Amino acid sequence: MNRRCFLSMGVAVLGLAGGALGQEAKKTYTIGFSQCNSAEPWRAQMDADMKAAAKGHVEIRLVAKDAQNDRARQMSHVKEFVTAKVDAIVISPLDTSLTQAVAEAFDAGIPVIVLDRKVLGDKYTVFIGADNRVIGAEVGKWVAKALGGEGNVVELKGLSSSTPAADRSEPFREAIKGTKVKVVYDADMEWLKSKAREKMQAALARNPETGSIQLVYGANDPAAIAAYEVAKDAGREKEMKFVGVDALPNEGIEAVRKGILDATFEYPNGAREAVATALDVFAGRTAPKSITLGTRLYTKENVDKGGEKVGP
Ligand code: FRU
C-alpha cells in the first residue's frame, strides 16, 4: 500500500472514530503554553516562534499564558490547563518549584513538554533544550583562550533555583581550573538585566582599580550587555571583554557586530521542536524523553559567516 493510500485510510478511520460517518475528522488539539516571563527578549522570541509554529497547523489551538516571573501564577496556569483538559501542556518553567505542578499534570494523563529550564524527577513527557553544561564548558574554554590563560573574571550567574544557572557555571569553573583565570566576583542576577546592572555596579565597586577585571561572563546576553553598559558609564569598558549566552539576532549577535560583546553562545528556544513533538504525541508516535539542541559561537571573526558550531 502506498503512503497516500495509507494516510487517507487513517483519515477515514479517524472520521469514523469521531462518529462523523462519511465526513473527514476535524479534531482540533489544544496546547496550553505557559511562559515564565514574556518580558525577557529571549522568551518573547520563544512566544513568537510557538505562535508561528502552531499557525502552520490548522488542527492546533494554542492557548498562551505569561506568568510574569511569578511562580504561583505559573503553577495556576498548569492547574487551569489540567482542569480544562487540554491535549498537551508546553511549559518553560521559572524554576524547579514547578516540579510538583508538572508532575500532577503528567499524572492526570496530560502530555507535558518542558522547555529550556528543567523540573526535577521524571514526571513529564519530553524535555527539549540545549545542553547548558556543554555551553558552560565551551564558555570556559573560550574565556581561557581569549585571556591567554590569565585574568580576573566577573561572573553574573542566572537564577540559582533554575537549572541552567548551575549548568552554565559549574563546567565553566571546571574549564578554567588549572589556568590563571580567576573569578574575583560572582553574583545571582536572576536572569534579569536590571539585576545584572546592580550586580555589575557592585563588582566594579569591589574591584575599583583600572585593569583589575579582564572579562565579564554574563550567563545570558542581557546580563553581559548590562555589564558592558555599566562599565561604559564608569569609563572602564575598554579594560574588559564581555561574553554572554543566547545569541538572539537582534540582541547578542547584534551586540557582537557592534563590538559590545566579544562572544555569545546560541541558546535555541525549542519552540518549533515543541510543536512538532506535540504533533507526534497527538499522532500516537513515541517521542524521546529528551531532545538536545545544539549551540553556536559568535565572535567578531565569524559573525558574518553565521558563527560556528561548537560542542558535540
Ligand atoms: C530568559 C533566559 C534566557 C536564558 C534562559 C535560561 O528568561 O534568561 O536569557 O538563556 O532564560 O533559562
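Residues numbered from 1 in each chain as written. Predicted model: local features only at pLDDT ≥ 70, side-chain atom pairs only at ≥ 80, totals over all residues. Heavy atoms only, no water.

## Considerations on the domain arrangement of the protein
Split by domain assignment, the protein resolves into domain 1 (26–129 + 270–292) and domain 2 (132–268 + 299–310). Computed from C-alpha coordinates alone, the two centres of domain 1 and domain 2 are separated by 30 Å. Contacts between the two partners involve 14 residues from domain 1, matched on the other side by 13 residues from domain 2. For the pair domain 1 and domain 2, the summed buried area comes to about 1,200 Å², and 58% of that belongs to carbon and sulfur atoms. (Domains from an automatic or database assignment. Contact = heavy atoms within 4.5 Å. Buried area = accessible area lost by both parts, 1.4 Å probe.)

## Quick look at the site of the ligand
The full set of residues close to the ligand is E40, W42, R43, D116, R117, P164, R168, W191, N220, D246 and Y267. Take R43: an N or O atom from its side chain is 2.5 Å from an oxygen atom of the ligand. In this structure, D116 approaches the ligand through a side-chain N or O atom, which is 2.8 Å from an oxygen atom. More than half of the atoms of the ligand fall within 2 Å of the grid points belonging to the largest cavity. Within the residue set of the shell around the ligand, elements represented by two or more residues are α2 (41–55) and α6 (163–176). A per-class count over the shell around the ligand returns four nonpolar, one polar and six charged. For the shell around the ligand, the domains that each give at least three residues are domain 1 (26–129 + 270–292) and domain 2 (132–268 + 299–310). (Near = heavy atom within 4 Å. Polar contact = N/O pair within 3.5 Å; in protein donor to acceptor, adjacent residues only side chain to side chain. 1 Å grid on protein atoms, 1.4 Å probe; cavity = no way out; pocket = protein on both sides within 12 Å on 5 of 7 lines; lining within 4 Å. Sits in = over half its atoms within 2 Å of the grid points. Helix = DSSP H or I, 4+ residues; strand = E, 2+ residues; numbered from the N terminus. Nonpolar A, V, L, I, M, F, W, Y, C, P; charged D, E, K, R; others polar.)

## Points about the environment of P208
Tracing the backbone shows P208 in the loop between α7 (193–206) and β8 (215–218). Taking the C-alpha atoms as reference points, P208 and R236, separated by 28 residues in sequence, lie 9.8 Å from one another.

## Quick look at the packing of aromatic side chains
Following the criterion strictly, the structure yields four aromatic pairs and no others. When the centroid spacing of 4.7 Å and the interplanar angle of 55° are considered together, the rings of F172 and Y217 count as tilted. In this pair, F172 is assigned in helix α6 and Y217 in strand β8, connecting sequence segments 45 residues apart. With respect to burial, F172 and Y217 carry one shared label: buried. One cation-aromatic arrangement involves R168 over Y267; the distance from NZ or CZ to the ring centre is 4.3 Å. Its guanidinium or amino end placed over the ring of Y124, K289 lies 4.3 Å from that ring's centre, counting from NZ or CZ. (Phe/Tyr/Trp six-rings, centres within 6.5 Å; stacked < 30°, edge-to-face > 60°. Buried < 20%, exposed > 50% of the residue type's maximum accessible area, 1.4 Å probe, protein only. Lys NZ or Arg CZ within 6 Å of the ring centre and 35° of its normal.)

## Quick look at the packing of α7 against helix α8 (residues 221–233)
Close contact between α7 and α8 brings their axes to 8 Å; oriented N to C, the two are set at 45°. In terms of axis orientation, α7 runs oblique to α8. Crossing angle aside, the handedness with which α7 passes α8 is right-handed. Counted together, K193, A196, R197, M200, Q201 and L204 of α7 and P222, A223, I225, A226, A227, E229, V230, A231 and D233 of α8 form the full contact between these two elements. (Axes fitted to C-alpha atoms, helices over the stretch in contact; angles between N-to-C directions. Parallel < 35°, antiparallel > 145°, perpendicular 65-115°, else oblique. Left-handed = near helix turned anticlockwise from the far one by under 90°.)

## Here we look at unusual backbone geometry
Phi angles above zero are rare outside glycine, and K85 is one such case at about 55°. Tracing the backbone through its elements, the reader meets K85 in the loop between α3 (71–83) and β3 (88–92). The backbone of E190 sits at a positive phi, close to 55°, despite the residue not being glycine. Structurally, the position occupied by E190 is in the loop between β7 (180–188) and α7. On the basis of relative accessible area, E190 is assigned to the partly exposed category, the value being 30%.

## A word on empty space enclosed by the protein
Counted according to the given criterion, the structure contains one cavity of 30 Å³ or more. Approximately 130 Å³ is the volume attributed to the largest cavity. For the largest cavity, the lining is made up of 13 residues, of which W42, R117, W191, N220 and D246 are closest to its centre. Take the lining of the largest cavity: its biggest share by element is three residues, from α2. Considering only residue class, the lining of the largest cavity consists of six nonpolar, one polar and six charged. Domain assignment of the residues forming the lining of the largest cavity places at least three in each of domain 1 (26–129 + 270–292) and domain 2 (132–268 + 299–310). (Points joined across faces, edges and corners; volume = space filled by probe spheres on them.)

## Some details on the packing of helix α5 (residues 132–146) against α6
At a closest axis distance of 7 Å, the pairing of α5 and α6 adopts a crossing angle of 35°. Seen along the crossing, α5 lies across α6 with a hand that is right-handed. When α5 is examined against α6, the residues N132, R133, G136, A137, V139, G140, K141 and V143 are found in contact with a partner set consisting of P164, A166, D167, R168, E170, P171, F172, A175 and I176. Grouping the amino acids of the contact of α5 with α6 by side-chain chemistry returns nine nonpolar, three polar and five charged.

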